[in-house]
Amino acid sequence: MSADRDLLGSVLAALPGPDEHMAWIEEVVSFGVRRPGSRENARTVEWCAARLEALGYDVALQPVPALTSHPGPARVEAWSVDDPSRHLTLHGMTMPFSTEAPASTPPVERRFRLAGRAEDTSASSNGAVLEHVPLTRLPVSLIDGAARGRHDPTGEFADHVHVLPFGTALGKEIDAVVASGAGAMIGVLDAPWDSSDYFVPYDGAVRPVPALWLDAGQGAALDELLTDGPVDVELTPEVEHRQSVDLNVIATAPAPGNDEWIVVGSHHDAPWASAVEDGSGIAQLLAQATAWSAVPPEQRPASLAFLLTAAHMSEGAGTQEFIRSWEHRDHIRFALHLEHIAVEAEPDGAGGLQPTDRPEVRWWFVSAPDPAHEAEVVDGVSRAIVADDLDRSLVLPPDLFGEFPPTDGGFFHLAGVPMVNLLAAPMYLFDPADTVEMIHRPSLVPVSRAAARLVAEAAGWGQG
């Protein structure tokens, strides 16, 4: 069902331009590393709530308890057992949600015999697994056949390879190490740039082993040492886990006589001072809130809620709490979740990354409780991405990569709420390389326009 053209036209006209989108993103990035349970994230909450209140919305802050992880630097001392003069000192980052082992831990308790990959060795509690984690190279053609819609005007999906921000274990390589019985893990991030600052895993579950990340060059040095005989390592990782209470930001605009709700969401925390993850999602939500604030209550297609959730970096705890306890949860008609307006990046030849002029591949995950309703949502998304020329877009089923889409919004799918989740997955998503330069500025307004079309239409979907 199409939206009222006059209503949609007024909303599209009221959307902010790219300069305002970028100003929001730059201000959020300026707050610093916005991990859940941090002062920087608390400041982000205050800022977001103030922006939404200034637009005239009723704003509530919903407490979200979560276990949060705060990793620090890590050091590895490694030496050949047969020739102790062959010695390496390596520096990386402690793995989130690994076991705390601060520098005060006695050295004997931080010393392990180095072994190979978890699946290739019978590790013991005094052994450390050296696990290389190459980022997954996904030929888009492998998932294109599952797509329910696409906008690929140049036909590049036939040959394009998308480098994902995960290895094949989707960030949970440490679980194979735990299962092997090993006592520790040294993870090597084999990425197209030099980094050990990899905020993975982020699922809120503390593993019972110390673990850390090294970059590919340091991993190669360890490999070389290991090829010549047994190697002992002494690990000094630093990580703190906190029972935190963060806050969902919920801005509401009821429609008179209409108790059905459309929820537009993103999350407000991040692994670093991240622009794409999810400064861009915050900006997209504020753009929708700005445009819809100009619509008189009686003209709203449904009651509207603009949701910025807490603790994405702790298994989406904020979205789960919202679905569990929001007073209108049983009347959510549609959920639209917006994440990651990203460029595709490439190595700069000097160990870093540089942005291209291309948007990263866009995934639009679609879910609805019955096939007819889902077909309407798929059709709506397909028309929106073509209308606003959002190239490199795929409309995908919600369970393509697992039980639910790899965004916070996936929890709406599990709850049986019709939903659309927009996600881009650039390879630098969990790294400090996610700077303002990684925002695909030309996409900001077109994505906002497509999102507004979906909000305007969603109330009519599933009406028979």
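Residues numbered from 1 in each chain as written. Predicted model: local features only at pLDDT ≥ 70, side-chain atom pairs only at ≥ 80, totals over all residues. Heavy atoms only, no water.

S.K.: Just checking my understanding: could you explain the overall build of the protein for this structure?
M.R.: On a plain count of helices and strands, the protein comes out with eleven helices and 18 strands. Taking 23 Å as the expected radius of gyration for a compact globule of 464 residues, we find that the protein reaches 23 Å, a close match to that expectation. By principal-axis analysis of the C-alpha atoms, the protein measures approximately 80 × 45 × 40 Å. When the 464 residues of the protein are sorted by exposure, 60% land in the buried category. Taking the contacts inside the protein whose residues are at least 6 apart along the sequence as the reference set, 81% of them involve residues at least 24 apart. Surface accessibility of the protein: about 17,100 Å² in total, with carbon and sulfur atoms responsible for 50%. Computed over 29 positive and 67 negative side-chain charges, the inter-centroid distance for the protein is 2 Å. (Helix = DSSP H or I, 4+ residues; strand = E, 2+ residues; numbered from the N terminus. Rg over C-alpha atoms; globule rule 2.2 N^0.38 Å. Buried < 20%, exposed > 50% of the residue type's maximum accessible area, 1.4 Å probe, protein only. Contact = heavy atoms within 4.5 Å. Areas by Shrake-Rupley, 256 points an atom, 1.4 Å probe, with all protein chains shown as cover. Lys, Arg positive; Asp, Glu negative; His and termini not counted. Charge placed at Lys NZ, Arg CZ, Asp CG, Glu CD.)

S.K.: Sorry, what's going on with the packing of aromatic side chains here?
M.R.: Aromatic ring pairs are reported here in terms of the distance separating the ring centres and the angle at which the planes meet. Applying the stated criterion across every chain yields a total of 14 aromatic pairs. With a centroid separation of 4.7 Å and 25° between ring planes, the pair formed by F322 and W326 is classed as stacked. By the burial criterion, F322 is buried, and W326 matches it. What links up through ring pairs into an aromatic cluster is the set F166, Y198, Y202, W213 and F430. Looking at R35, its charged tip hangs above the ring of W272, at a distance of 4.4 Å from the centre. (Phe/Tyr/Trp six-rings, centres within 6.5 Å; stacked < 30°, edge-to-face > 60°. Lys NZ or Arg CZ within 6 Å of the ring centre and 35° of its normal.)

S.K.: Can you walk me through the environment of I282 in this structure?
M.R.: Looking at the secondary structure, you find I282 in helix α7 (residues 275-293). Exposure remark for I282: the relative accessible area of 0% places this residue in the buried category. Each C-alpha atom of the pair I282 and W24 lies 8.0 Å from the other, and the pair is 258 residues apart in sequence. Discounting chain neighbours no more than four positions away, the residues touching I282 are V28, T44, W47, C48, S266, H267, H268 and L308.

S.K.: I'm lost on the pairing of strand β2 (residues 87-94) in this one. Help?
M.R.: Two faces belong to every sheet, and in a regular strand the side chains alternate between them. Pairing between strand β1 (residues 58-80) and β2: seven bridges, direction antiparallel. Of the residues in β2, the one forming a bridge with W79 is H87. Pairing of β2 with strand β9 (residues 211-215) involves two bridges; the strand directions are antiparallel. Opposite M93, over in β9, you have W213 as the bridge partner. (Pairing = 2+ DSSP bridges.)

S.K.: How should the nonpolar core be read in this particular structure?
M.R.: One broad rule of soluble globular proteins: the nonpolar side chains tend to lie buried together. With 99 residues, the main nonpolar core has W292, F306, W364, V381, V420 and Y428 as its most contacted residues. Apart from residues no more than four positions distant in its own chain, Y428 is found in contact with W193, V276, A342, V343, A345, L353, A433, D434 and M438. Core analysis: the second largest hydrophobic core is formed by 27 residues, A147, F365, L394 and A425 among them. (Core = buried A, V, L, I, M, F, W, Y, C linked by side-chain atoms within 4.5 Å.)

S.K.: How should I be thinking about unusual backbone geometry in this particular structure?
M.R.: A negative phi angle characterises most non-glycine residues, just as the trans form characterises most peptide bonds. In this structure, P201 follows V200 across a cis peptide bond, with omega equal to 0°. With respect to the helices and strands, the residue P201 is situated in the loop between β8 (184-190) and β9. A cis geometry characterises the amide bond from E277 onward to D278, with omega recorded as -5°. Positionally, D278 belongs in helix α7. A positive phi angle, near 75°, is found at H340, a position not held by glycine. In this structure, H340 sits in the loop between β13 (332-338) and β14 (343-347). H340 gets classed as buried once you look at its relative accessible area, which sits at 4%. For R392, which is not a glycine, the phi torsion comes out positive at approximately 60°. Here R392 is to be found in the loop between α9 (371-387) and β17 (393-396).

S.K.: Would you mind going over the pairing of β1 with me for this structure?
M.R.: Pairing analysis gives 21 bridges linking β1 to strand β10 (residues 231-253), with the strands arranged antiparallel. Following the sheet pairing, P65 is matched in β10 by V245. Counting the residues between successive antiparallel strands, the hairpin from β1 to β2 contains six residues.

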